[in-house]
Amino acid sequence: MRISDVQTIRLRFPDRDGYADAQHRFGERAGVAVRVHTDSGLVGHGYIYLGVSIHAGAALQTLIERQLAPVLINEDPYMTRLLRDRMWHALEYVGIQGLSHFAITALDSCLWDLMARDLGVPGWRLLGACRDRIPAYAMVGWYYDDDDDLAKYRQAIETAVSDEMAGVKIKVARGSLEEDIRRIEAARSIIGREGVLMVDANQVLDRNEALRRGLVYQELGVYWFEEPLRPHDTAGYTWLCDHLTMPVATGENHYGRYAVQELLSAGACDILQPDARRTGGPSEWMEIAGLASAHHMPIASHGGEGVTTHLLMATPSAIWCETGGVPRGRGMYTDRARIEDGYIYAPEAIGFGTELRDETLAMCQVD
Ligand SMILES: [Mg+2]
């Protein structure tokens with residue numbers, strides 16, 4: 001089997017029911033779907049969500065089609081790690097960060113999807129599984145538009161509780177500490193005193209403010225304090241971990257194993273949160289999982305759909321999968337993992353679950 005073509009499709013998602021965290025308001029959003037074709041007729045699928053960086057899709061498309069596709073054409077997709085290294089060399093002059101890493105991730109995901117399809121197995125089985133389900137929490141406590149009375153916020157948390165999600169995460173730090181306390185207490189009144197409640201500050205605090213708020217959050221029984229500081233402030237994270245008993249979680253904005261190794265060796269988090277787009281694809285996710293294991297560091301994924309579900313089933317130190325709650329409707333992918341009784345279950349469909357539905361493409365395709 002040889003790679004014969006690489007195709008990208010840009011997607012744009014309209015602004016519907018706006019929601020926000022401390023840093024961004026998520027109105028119009030974008031993504032890029034990638035397909036790697038082979039001479040056997042098999043197609044490997046990958047997908048990169050670009051969030052609010054809606055004009056980044058064209059740049060990512062160029063990197064994949066012009067810079068990386070020539071590296072893959074006529075090659076054997078089973079030589080995944082060799083091809084990953086060649087893609088790295090093709091882009092290292094401009095830095096293996098940001099869009100460069102997204103481009104490598106997308107294609108590495110396609111190669112793993114191709115292998116799973118060729119072997120006729122779900123992705124997690126190919127990786128060597130350690131479980132067939134993992135606890136799933138719901139990231140539903142956003143800042144919603146026109147929600148000063150927190151009615152939409154409460155409704156979202158009530159739905160997660162009635163769906164028996166194993167935990168609820170809320171956004172904090174867009175406003176004052178007093179506002180955070182109001183949000184935490186509102187959530188607590190719904191999930192109960194024993195309920196698992198995480199908070200996420202999305203990088204906006206400085207060290208002293210993170211400690212001031214963190215001391216209050218931990219008194220309120222918060223389960224973890226996510227991304228209080230900029231991802232680059234490794235020393236600040238180490239300092240904060242030393243001053244709080246509540247776990248500090250971060251890692252969703254670290255690109256690749258070298259950045260994660262720096263974080264882990266500095267003792268700069270209590271829970272590592274790799275993002276499957278930023279790890280460098282399944283190849284590098286599994287290497288990061290090994291690094292985390294050697295540092296006795298639990299993993300909780302950033303995001304949980306598509307390829308992430310499969311990776312968590314093969315990551316022994318993983319403890320949580322992030323989700324948006326129990327899905328309503330059919331979602332964007334052809335396959336979707338089942339969420340039930342507080343767990344997300346290993347998908348049975350062949351591949352890594354990253355093929356977009358025709359309806360998704362018809363509604364959101366840009367070109
Ligand atoms: Mg986060």
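The structure displayed is predicted, hence computed values, not measured ones.

Asker: Describe the sheet that holds strand β5 (residues 43-51), with residues and values.
Answerer: On the basis of which strands lie adjacent, the open sheet formed by three strands has the order β1-β4-β5 and antiparallel pairing. Looking at which strands have only one partner, the edges of the open sheet turn out to be β1 (3-13) and β5. For this sheet, the mean inter-axis angle between neighbouring strands, taken without regard to orientation, is 15°. Pairing analysis gives eight bridges linking strand β4 (residues 29-38) to β5, with the strands arranged antiparallel.

Asker: Hey, could you go over unusual backbone geometry for me, with residue numbers and the actual values?
Answerer: Even without glycine at this site, L150 takes up a positive phi of about 65°. Position of L150 relative to the elements: it lies in the loop between β7 (143-144) and α5 (151-162). Its identity as a non-glycine residue notwithstanding, A173 has a phi of 75°, on the positive side. Note on placement: A173 falls in the loop between β8 (168-171) and α6 (177-191). You can call A173 buried: its relative accessible area is 8%.

Asker: An account of the nonpolar core is needed here, citing residue identities and associated values.
Answerer: Of all hydrophobic cores here, the largest spans 66 residues; its most connected members are I170, Y217, F225 and L272. Residue contributions to this core peak at five residues, all from α6. For this core, the domains that each give at least three residues are domain 1 (3-120) and domain 2 (125-345). Not counting residues up to four positions away in its chain, the partners in contact with F225 are V199, A201, L205, A210, G214, Y217, L240, L244, M246, P247, V248 and A249. In terms of nonpolar packing, the next biggest core, distinct from the first, is built from 30 residues, V32, L50, I54 and I104 among them.

Asker: Report on the sheet that holds β7, specifying residues and quantitative values.
Answerer: Pairing in this open sheet of three strands is antiparallel, and the strands run β3-β2-β7 from one edge to the other. Looking along the sheet, the strands with just one partner apiece sit at the ends: β3 (25-26) and β7. Strand direction decides the pairing type here: strand β2 (residues 19-20) and β3, joined by two bridges, are antiparallel. Across the sheet, residue Y19 finds its bridge partner in β3, namely F26.

Asker: Give me the domain arrangement of the protein chain: which residues, what numbers.
Answerer: Split by domain assignment, the protein chain resolves into domain 1 (3-120) and domain 2 (125-345). Taking both sides of the interface into account, the surface hidden between domain 1 and domain 2 amounts to around 2,500 Å²; carbon and sulfur atoms contribute 58%. When the buried surface of domain 1 facing domain 2 is broken down by residue, A22, H101 and W112 rank first, second and third, together holding 21% of it. Seen at the junction of domain 1 and domain 2, the total is four salt bridges. Among the salt bridges present, the one from E287 reaches R84, with a minimum N-O distance of 2.9 Å. For the side of domain 1 that touches domain 2, the secondary structure elements donating two or more residues are β2, β3, β5, α2 (80-91) and α3 (98-119).

Asker: Account for the pairing of β4, with residues named and values stated.
Answerer: Most of β4 sits inside the fold, with eight of its 10 residues counted as buried. In this structure, β1 lies alongside β4, joined through 10 bridges in antiparallel fashion. What sits directly across from L11, in β4, is G31. In textbook terms, the turn of a hairpin is the stretch between consecutive antiparallel strands, and for β4 and β5 this stretch comprises four residues, one of which, G41, has a positive phi near 95°.

Asker: With reference to specific residues and values, describe a negative patch on the surface.
Answerer: A surface patch of negative charge is lined by D146, D148, D149 and E179. Examined against the element boundaries, D146 turns out to sit in the loop between β7 and α5.

Rules of the game
Residues numbered from 1 in each chain as written. Predicted model: local features only at pLDDT ≥ 70, side-chain atom pairs only at ≥ 80, totals over all residues. Heavy atoms only, no water. Pairing = 2+ DSSP bridges. Helix = DSSP H or I, 4+ residues; strand = E, 2+ residues; numbered from the N terminus. Axes fitted to C-alpha atoms, helices over the stretch in contact; angles between N-to-C directions. Buried < 20%, exposed > 50% of the residue type's maximum accessible area, 1.4 Å probe, protein only. Core = buried A, V, L, I, M, F, W, Y, C linked by side-chain atoms within 4.5 Å. Domains from an automatic or database assignment. Contact = heavy atoms within 4.5 Å. Buried area = accessible area lost by both parts, 1.4 Å probe. Salt bridge = Lys/Arg side-chain N within 4 Å of Asp/Glu carboxyl O. Patch = residues over 30% accessible without salt bridge, like charges linked within 9 Å, V, L, I, M, F, W, Y side chains within 5 Å. Areas by Shrake-Rupley, 256 points an atom, 1.4 Å probe, with all protein chains shown as cover. Lys, Arg positive; Asp, Glu negative; His and termini not counted. Charge placed at Lys NZ, Arg CZ, Asp CG, Glu CD.

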